[in-house]
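Read off the chains here:
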Amino acid sequence: MTTRQLGKIAKRIGFWALIILIMLYAVFPFYYAVVTSLKPSSDLFRVELWPSSWNLDNYVHIFSQTSFLRAIFNSIVVAFSVVFIALLFGLTASYALGRVRFRGRSTVLLVILGVSMFPQVAVLSGLFEVIRSLNLYNNPAGLILSYTIFTLPFTVWVLTTFMKQLPMELEEAAIMDGATPWVTLTKVFLPLMWPAMATTGLLAFIAAWNEFLFALTFTLTDTQRTVPVAIALLSGGSAYELPWGPIMAASVVVTVPLVVLVIIFQRRIVSGLTAGAVKG
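Since we're looking at a predicted model, the values are computed, not measured.

Q: Could you clarify how one ought to interpret the environment of Leu261 in this entry?
A: Looking at where Leu261 falls in the secondary structure, it is placed in helix 12 (residues 244-264). Taking the C-alpha atoms as reference, Leu261 lies 33 Å from Met168; in sequence the two are 93 residues apart. When neighbours within four sequence positions are excluded, Leu261 is seen to be in contact with Leu202 and Phe205.

As C-alpha cells, this is what we get:
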C-alpha cells in the first residue's frame, strides 16, 4: 500500500471520526434528556447511559398540570399565527422587492436585513412600552406582534432572493393573459416558491416556539404564558427543590415536534436555503 493510499484512508477515517464527534455533540444532550425524563426521582442523580428502570411519572406529572397544557396551546396559537403573518407579508413584500423596479430597492433590502441584526434585549424596553400602549400586555397578540417583528425581515430577505431567480417569461406570459399582480403572485409564483416558504416558515415557527425573553416579559399569568416560560417556572415539592425529571420530560415533549418537522421538511429546507446561490 502506497503512502498516497494511506493518506487517503487516514483522511477518510478522520472525516468520519469528525462526523461522529459532531453527531455525539448534537444528539447526546437530547438523548440524555430523554433518559433523565424516564428515570424515577430516586435515580435522577445516578449517572448512567441506560436507566436500570423506566418510569413515566414525570410525563404524567406535567400532563396533569392544566397550566402546562394551556402553555402548549398558547405556543401553538402564537407560533402558527407568526408563521402565517410572516409568510403573508413576506410573500407580498418579496414580490414588490424582487419583481418591481423602483429607486432605493437595494436600500430597503439592506434596512430590512439590518433590522434583524438587533439583539432582542436592545429593543426590549422600547417594545415593552409599545406593547403596553397598545393594550397587548399579558395577551398572545403582544407575543405575535413582537415575534413577527423579528421573523419578518429574514422571511422577506429569503423570499426576495428566491423571487428574483424566477424566470421573467412567466410574469410576462401572465401579464399578456391579463393577470393582475395578485393573480400572478398567487397563481404563477406561489406554486414555485414552496421550498423557500417551507424553509422560512419552519424557521419562523422554531423561533416563535422557542422564544423565552419576550414571553417572560410580556406575559404575567399562567393562562397566557408559552411553553418555554412554563418549563422555566416548573416547581418542585418545596422552594429548594428543582424538579429535573418534569423539566426534562417537558423539554422532550416540546422538542419532539420540532425534530419531526425538520425531518419531514429536510429536503425543502436545504433547497430553500440554497435557492439563488448558483445562477445558471
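Next, the rest of the story.
Q: Explain the domain arrangement of the protein chain here, please?
A: Interface size is commonly expressed as the accessible area that is lost once the parts come together. Structurally, the protein chain comprises domain 1 (3-43) and domain 2 (65-275). Domain 1 and domain 2 are separated by 31 Å when their C-alpha centres are compared. Contacts between the two partners involve five residues from domain 1 and, on the opposite side, six residues from domain 2. Carbon and sulfur atoms supply 90% of the area buried between domain 1 and domain 2, which totals about 460 Å² over both sides. Run the count over domain 1 and domain 2 and you get zero salt bridges. Our count for the domain 1 to domain 2 interface comes out at zero residue pairs in polar contact (both at pLDDT 80 or more). Class assignment of the residues belonging to the side of domain 1 that touches domain 2 gives a composition of three nonpolar, two polar and no charged.

Q: I tried to follow a nonpolar patch on the surface on my own but got confused; where do I start?
A: On the surface, Phe84, Leu88, Phe89, Trp182 and Val183 cluster together into a nonpolar patch covering about 540 Å² of accessible area. Where the nonpolar patch is concerned, the elements lending two or more residues are helix 3 (66-99) and helix 8 (181-189). Per-element accounting of the nonpolar patch gives the leading share, three residues, to helix 3. With respect to the helices and strands, Trp182 occurs in helix 8.

Q: Sorry if this is basic, but what is going on with the nonpolar core here?
A: The nonpolar side chains of a soluble globular protein tend to be buried, and buried together. Grouped together as the largest cluster of nonpolar side chains are 49 residues, with contacts concentrated most on Tyr147 and Met193. The contact partners of Tyr147, leaving out residues within four places of it in the chain, are Val78, Val82, Ala208, Glu211, Phe214 and Ala215.

Q: How do you make sense of the packing of helix 4 (residues 105-115) against helix 6 (residues 140-164) when you look at a structure like this?
A: A packed helix pair is summarised by two numbers, namely the angle formed by the two axes and the spacing between the axes. Here helix 4 crosses helix 6 at 140°, and the two axes come no closer than 8 Å. The pairing of helix 4 with helix 6 is recorded here as oblique in orientation. The crossing of helix 4 and helix 6 is left-handed. On helix 6, the residues touching Leu109, Leu110, Ile112, Leu113 and Val115 of helix 4 are Pro153, Val156, Trp157, Thr160 and Lys164. Each residue belonging to the contact of helix 4 with helix 6 can be placed in one class, and the counts come to eight nonpolar, one polar and one charged.

Q: I would appreciate a short explanation of the UniProt feature "transmembrane region" (unreviewed entry) in the protein chain in the present structure.
A: UniProt annotation of "transmembrane region" (unreviewed entry) refers to residues 12-34, 71-96, 108-128, 140-159, 188-209 and 244-265 when read in the numbering used here. Within the segment residues 108-128, helix and strand shares are 81% and 0% respectively, and the terminal C-alpha atoms sit 26 Å apart.

Q: Sorry if this is basic, but what is going on with the side chain of Thr148 here?
A: Position of Thr148 relative to the elements: it lies in helix 6. Apart from the residues within four sequence positions on either side, Thr148 is in contact with Val82, Ile85 and Pro153.

Q: For this particular structure, what's the right way to read the confidence of the model for the protein chain?
A: Close inspection of predicted coordinates is inappropriate for parts of the model with low pLDDT. Taken residue by residue, the protein chain gives an average pLDDT of 82. The fraction at 70 or more is 91%. A low-confidence stretch, residues 276-280 (pLDDT under 50), is modelled with two contacts involving residues beyond four sequence positions or located in other chains.

Q: Is there a simple way to explain helix 4 in this structure?
A: In an α-helix, one turn spans 3.6 residues; hence positions three or four apart end up facing the same way. Considered for burial, the residues of helix 4 that qualify are Arg105, Leu109 and Ile112. One side of helix 4 holds all its buried residues, which, seen down the axis, span an arc of 60°. Structural note: helix 4 exposes Ser106, Thr107, Leu110 and Val111 on the side pointing more than 90 degrees away from its buried face. Among the structural elements, helix 3 and helix 6 are those in contact with the buried residues of helix 4.

Q: Is there a simple way to explain the pattern of salt bridges in this structure?
A: This model, assessed by the stated rule, comprises two salt bridges. The salt bridge partner of Arg225 is Asp222, with a shortest N-O separation of 2.5 Å.

Rules and cut-offs
Residues numbered from 1 in each chain as written. Predicted model: local features only at pLDDT ≥ 70, side-chain atom pairs only at ≥ 80, totals over all residues. Heavy atoms only, no water. Helix = DSSP H or I, 4+ residues; strand = E, 2+ residues; numbered from the N terminus. Contact = heavy atoms within 4.5 Å. Domains from an automatic or database assignment. Buried area = accessible area lost by both parts, 1.4 Å probe. Salt bridge = Lys/Arg side-chain N within 4 Å of Asp/Glu carboxyl O. Polar contact = N/O pair within 3.5 Å; in protein donor to acceptor, adjacent residues only side chain to side chain. Nonpolar A, V, L, I, M, F, W, Y, C, P; charged D, E, K, R; others polar. Patch = residues over 30% accessible without salt bridge, like charges linked within 9 Å, V, L, I, M, F, W, Y side chains within 5 Å. Areas by Shrake-Rupley, 256 points an atom, 1.4 Å probe, with all protein chains shown as cover. Core = buried A, V, L, I, M, F, W, Y, C linked by side-chain atoms within 4.5 Å. Buried < 20%, exposed > 50% of the residue type's maximum accessible area, 1.4 Å probe, protein only. Axes fitted to C-alpha atoms, helices over the stretch in contact; angles between N-to-C directions. Parallel < 35°, antiparallel > 145°, perpendicular 65-115°, else oblique. Left-handed = near helix turned anticlockwise from the far one by under 90°. UniProt positions renumbered as here; feature names shortened; annotations may be inferred. pLDDT = per-residue confidence, 0-100. Arc of directions from axis to C-beta.

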